[in-house]
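Letter by letter, the chains look like this.
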There are 2 protein chains.
Amino acid sequence: MADIKSSANPLFLREEELRQGIELLFYAYRDFTSDPDSILADYGLGRAHHRVLHFVGRNPKISVAELLGILRITKQSLSRVLTTLLEMGLVQQRQGTRDRRQRLLSLTEKGAELERRLSAVQQARVARAYREAGAEAVAGYRKVLQGLIDEHEREKILQSIVRR
Amino acid sequence: MADIKSSANPLFLREEELRQGIELLFYAYRDFTSDPDSILADYGLGRAHHRVLHFVGRNPKISVAELLGILRITKQSLSRVLTTLLEMGLVQQRQGTRDRRQRLLSLTEKGAELERRLSAVQQARVARAYREAGAEAVAGYRKVLQGLIDEHEREKILQSIVRR
DNA sequence: ACTTTATGTCAGCCATGTTGACATATATCG
DNA sequence: CGATATATGTCAACATGGCTGACATAAAGT
């Protein structure tokens, strides 16, 4: 059924559609990030630790500078969570061989284990959404999310997601 | 443009693909939320204020309890930002007529103006992503995001997004 | 040798979330 | 009517995780 507004006032509908896209993203992200919290609480950790575990897990031997670039936080902020993770034996540092100033970060076996537990609950949610929506919708989801990423960084980020 | 491989076969729920879906959501949300910050800074406001402006704007005469339910924060947390917004004349309260205990919230004209400025930059980003991805991708994006929302709340949330 | 880079650390501040306790006005129920 | 439940507000204390600024060290690069 054609809505009279779509021909009479296309701008209104366009804005309405955009607002819906914005709110959907808000709610989806809100619920998506809530999953791992109870697991983290068992360890006395927060979302900041989760993000570090995730990206170190995905990028073994990542340098501190690279990690800072991904997380978009200051080294002082990272320091707090990273120190905790190192002390808990979840992350390990090794001096870079090519550049010995670098402290390359990797998960320990214990860290990898926790990371898998955290991923598992998030993956379960995404898997369910993918399954319900179907492969074609998944392709659209990815296409739009890619377009939401800052243009001047998009290429680099997409490569970091796909490589390995 | 780097292409994230999407397979059409029924094994598309591979862990690697799920991980990509998770990271894309992280990056997209990170950049998506970064847009309004500079505008808010001009007013000495933060993201918490933005969320209130957004949802009050979308739900005029919303009760405090309803707003708390959407934001999933405590009334004490809301109190801080709401008090600021009231003092700045961006939000107004009016006693409910049906239930006079309620303080129904709406944007003032000044608040609506700021809200439009904030929406504008986010809408621009979403509009660009939609345009680049195409209508079919947008449908998939929405379908997957809906699936990511907590199941027991999904219906209620979708109605609140679509109605009006 | 000098400069730049990668990293660490100390100190303090701010925004925004939490819990717990208690107050008030109004609605609703027996 | 009186008792209880509900919607909201407020005070106080605390936690997390951002931020800036200043300064230190080791190693790399010129």
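> Lay out the domain arrangement of chain A in plain terms, naming residues and giving numbers.
Looking at chain A, the domain boundaries give domain 1 (36-127) and domain 2 (134-164). Of note, the centres of domain 1 of chain A and domain 2 of chain A, computed from C-alpha atoms alone, are 22 Å apart.

> Please give an account of the interface of chain A and chain B that cites residues and values.
Taken together, the contacts link 66 residues of chain A with 67 residues of chain B. For the chain A and chain B pair, buried surface summed over both sides reaches about 7,200 Å², with 63% attributable to carbon and sulfur atoms. If you sort the residues of chain A by the area they bury against chain B, Leu24, Tyr141 and Arg142 of chain A come out on top, with a joint share of 10%. Inspection of the chain A/chain B interface yields 15 salt bridges. Residues Arg125 of chain B and Asp150 of chain A are paired through a salt bridge, measuring 2.7 Å at the closest nitrogen-oxygen approach. Here chain A is connected to chain B by 28 residue pairs in polar contact (both at pLDDT 80 or more).

> So what about the protein's contact with DNA strand D? Which residues, and what values?
Of all residues adjacent to DNA strand D, which total 25 residues, the nearest are Arg51, Thr74 and Arg80 of chain A together with Lys75 and Arg101 of chain B. Within 4 Å of the protein, the contacting atoms of DNA strand D are drawn from sugar and phosphate to the extent of 53%. Between DNA strand D and Arg100 of chain A there is a distance of 3.4 Å, counted from a phosphate oxygen to a backbone nitrogen or oxygen. A distance of 2.8 Å separates a phosphate oxygen of DNA strand D from a polar backbone atom of Ala65 of chain B.

> Can you lay out the packing of aromatic side chains for me, pointing to particular residues and giving the numbers?
Residue and element names in this part refer to chain B. Per the stated rule, a full pass over the model turns up 11 aromatic pairs over all chains. Ring geometry for Tyr29 against Phe32: centres 5.9 Å apart, planes inclined by 45°, an arrangement best described as tilted. Pair noted here: Tyr29 and Phe32 are both in helix 1 (residues 15-34), with a separation of 3 residues, about one helical turn. With relative accessibility at 15%, the residue Tyr29 sits in the buried group. Accessibility expressed as a relative area gives 3% for Phe32, which makes it buried.

> Just give me the short version of the pattern of salt bridges, but keep the residues and values in it.
All names here are of chain B. According to the stated counting rule, one finds 31 salt bridges over all chains in the structure shown. As a salt-bridge pair, Asp35 and Arg125 come within 2.5 Å of each other at their nearest N and O atoms. On the criterion of sequence distance, the pair formed by Asp35 in the loop between helix 1 and helix 2 (37-43) and Arg125 in helix 6 (residues 109-133) is long-range, its members being 90 residues apart. Ionic pairing is found between Asp37 and Arg47, a salt bridge with its closest N-O pair at 2.7 Å.

> So what about the protein's contact with DNA strand C? Which residues, and what values?
Around DNA strand C, the structure places 25 residues, and the nearest of them are Lys75 and Arg101 of chain A together with Arg51, Ser77 and Arg80 of chain B. At the protein interface, 51% of the atoms of DNA strand C within 4 Å belong to sugar or phosphate. With respect to DNA strand C, the backbone of Val64 of chain A contributes an N or O atom lying 3.4 Å from a phosphate oxygen. Residue Arg80 of chain B places a side-chain N or O atom 2.3 Å away from a base nitrogen belonging to DNA strand C. Mapped onto the surface near DNA strand C, the elements with two or more residues apiece are helix 5 (64-71) and helix 6 (75-87) of chain A together with helix 3 (47-58) and helix 5 (75-87) of chain B. It is helix 3 of chain B that provides the largest number of residues to the surface near DNA strand C, a total of 4 residues. Of the residues belonging to the surface near DNA strand C, the class tally is 4 nonpolar, 10 polar and 11 charged.

> Could you give an account of the relation of the copies chain A and chain B, naming the residues involved and the relevant values?
For the pair chain A and chain B, the superposition axis carries a translation of 0.0 Å, the fit reaches an RMSD of 0.1 Å, and the rotation angle comes to 180°. Look at the turn and shift together and you get a two-fold axis relating the two. When each C-alpha of chain A is compared by its distance to the rotation axis, Tyr141 of chain A comes out closest, at 1.8 Å. Mapped onto chain B, 89% of the interface residues of chain A again fall at the interface, so both copies present the same surface.

> Kindly report on the packing of helix 3 of chain B against helix 4 (residues 64-71) of chain B, identifying the contributing residues and their values.
Residues and elements named next belong to chain B. Running from amino to carboxyl end, helix 3 crosses helix 4 at an angle of 120°, the nearest separation of the two axes being 11 Å. Looking at the two axes, helix 3 sits oblique to helix 4. The chirality of how helix 3 crosses helix 4 is right-handed. Contacts from Arg51, Val52, Phe55 and Val56 of helix 3 reach helix 4 at Leu67, Ile70 and Leu71. Among the residues making up the contact of helix 3 with helix 4, the classes are represented as 6 nonpolar, no polar and 1 charged.

> Describe helix 8 (residues 135-148) of chain A, naming the residues involved and giving the relevant values.
Residues and elements named next belong to chain A. For helix 8, with 14 residues, the first-to-last C-alpha span of 20 Å sits near the 20 Å given by 1.5 Å per residue. The element helix 8 is extensively covered by neighbouring structure, given that 10 of its 14 residues are classed as buried. Of all the positions in helix 8, only Ala137, Val138, Gly140, Tyr141, Arg142, Val144, Leu145, Gln146, Gly147 and Leu148 are classed as buried.

> So, the packing of helix 3 of chain B against helix 6 of chain B: which residues are in play, and what are the values?
Residues and elements named next belong to chain B. Between helix 3 and helix 6, the least distance of the axes is 10 Å, while the angle of their chain directions is 105°. Judged on the interaxial angle alone, helix 6 and helix 3 are roughly perpendicular. Residues His50, Leu53 and His54 of helix 3 pack against Gly111, Leu114, Glu115, Leu118 and Gln122 of helix 6. The residue makeup of the contact of helix 3 with helix 6, split by class, is 3 nonpolar, 4 polar and 1 charged.

Reading guide: rules and limits
Residues numbered from 1 in each chain as written. Chains lettered and ligands numbered in written order. Predicted model: local features only at pLDDT ≥ 70, side-chain atom pairs only at ≥ 80, totals over all residues. Heavy atoms only, no water. Domains from an automatic or database assignment. Contact = heavy atoms within 4.5 Å. Buried area = accessible area lost by both parts, 1.4 Å probe. Salt bridge = Lys/Arg side-chain N within 4 Å of Asp/Glu carboxyl O. Polar contact = N/O pair within 3.5 Å; in protein donor to acceptor, adjacent residues only side chain to side chain. Near = heavy atom within 4 Å. Phe/Tyr/Trp six-rings, centres within 6.5 Å; stacked < 30°, edge-to-face > 60°. Helix = DSSP H or I, 4+ residues; strand = E, 2+ residues; numbered from the N terminus. Buried < 20%, exposed > 50% of the residue type's maximum accessible area, 1.4 Å probe, protein only. Nonpolar A, V, L, I, M, F, W, Y, C, P; charged D, E, K, R; others polar. Least-squares fit on C-alpha atoms with pLDDT ≥ 70 in both. Axes fitted to C-alpha atoms, helices over the stretch in contact; angles between N-to-C directions. Parallel < 35°, antiparallel > 145°, perpendicular 65-115°, else oblique. Left-handed = near helix turned anticlockwise from the far one by under 90°. Expected span 1.5 Å × (residues − 1).

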